[in-house]
Amino acid sequence: MRSVIRTGMAVLALLAAASGAEAQGGGGGGTGGGRGGDPAQMLQRQVDLRMAGITLDAKQKTTVDSLSKVMVEAQAKMMADMQAGGDRQAMGAKRMELNTKFYADVKAVLTPEQQAKFDENVKNLPPQGRGRGGL
């Protein structure tokens, strides 16, 4: 359960990163391939990139979905805090911490073979510049 909570918080951080970038003057439309849009969808795109070629069993999928839900909720809270005038630098650090925790928790759900594929996918992620909302 603790792992699920930590993972959820990491998802939240990812969403907050995307939201923060949009609030700083970036962000495309809410749909399509640009920045912006629904935090849950943005998180799902990031998870999908890391999970490409990995097939989860029902239990793994349920766990990853639970972690993602917690992360989305945590990110929504961070976005609200940021809009209320929260310290962007502190929130950026918290976002990174949440992201790191979330992906570590997701990876812990995987088998060793799936973890190797996950690591390969992470290495092959497209580069993202500062303020672009991703990891």
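Higher on the page you've got the structure.
What counts and what doesn't
- Residues numbered from 1 in each chain as written.
- Predicted model: local features only at pLDDT ≥ 70, side-chain atom pairs only at ≥ 80, totals over all residues.
- Heavy atoms only, no water.
- Helix = DSSP H or I, 4+ residues; strand = E, 2+ residues; numbered from the N terminus.
- Contact = heavy atoms within 4.5 Å.
- Areas by Shrake-Rupley, 256 points an atom, 1.4 Å probe, with all protein chains shown as cover.
- Salt bridge = Lys/Arg side-chain N within 4 Å of Asp/Glu carboxyl O.
- Buried < 20%, exposed > 50% of the residue type's maximum accessible area, 1.4 Å probe, protein only.
- Phe/Tyr/Trp six-rings, centres within 6.5 Å; stacked < 30°, edge-to-face > 60°.

Q: Looking at this structure, how should I read the overall build of the protein?
A: Across its full length, the protein holds 5 helices and 0 strands. Beginning at the N terminus, the succession of helices and strands in the protein can be written as α-α-α-α-α. Put simply, 81% of the contacts in the protein that link residues at least 6 apart link residues at least 24 apart. If you sum the accessible surface of the protein, you get close to 7500 Å²; carbon and sulfur atoms cover 54% of it.

Q: Looking at this model, I keep getting lost on the pattern of salt bridges. Mind explaining?
A: Close approach of charged atoms lets side chains of opposite charge pair. Under the counting rule described, the total for this entry stands at 6 salt bridges. One salt bridge in this structure joins lysine 101 and aspartate 105, with 2.2 Å as the shortest N-O distance. With lysine 101 and aspartate 105 both in helix α4 (residues 88-109) and 4 residues apart, the pair spans about one turn of that helix. The pair lysine 101 / aspartate 105 is uniform in exposure class, with both members buried.

Q: What exactly am I supposed to notice about the packing of aromatic side chains here?
A: Aromatic rings considered in pairs are described by the distance between their centres and by the relative angle of their planes. With the rule as written, the count across this model stands at 2 aromatic pairs. Relative to tyrosine 103, the ring of phenylalanine 102 has its centre 4.8 Å away and its plane inclined at 70°; by these criteria the two rings are edge-to-face. Look at phenylalanine 102 and you get buried, because its relative accessible area is 0%. Overall, tyrosine 103 belongs to the buried group, its relative accessible area being 8%. For the ring pair tyrosine 103 and phenylalanine 118, a centre distance of 6.5 Å and an interplane angle of 45° mean the geometry is tilted. Taken as a pair, tyrosine 103 in helix α4 and phenylalanine 118 in helix α5 (residues 112-123) lie far apart in primary sequence, 15 residues in all. What makes phenylalanine 118 buried here is its relative accessible area of 4%.

Q: Would you explain the environment of methionine 51 in this entry?
A: Here methionine 51 is to be found in helix α2 (residues 39-51). Distance from methionine 51 to lysine 117, taken between C-alpha atoms, is 7.9 Å for residues 66 residues apart in sequence. Apart from residues no more than four positions distant in its own chain, methionine 51 is found in contact with Leu56, Val106, Leu110, Phe118 and Asn121.

Geometric values such as these leave the question of function open.
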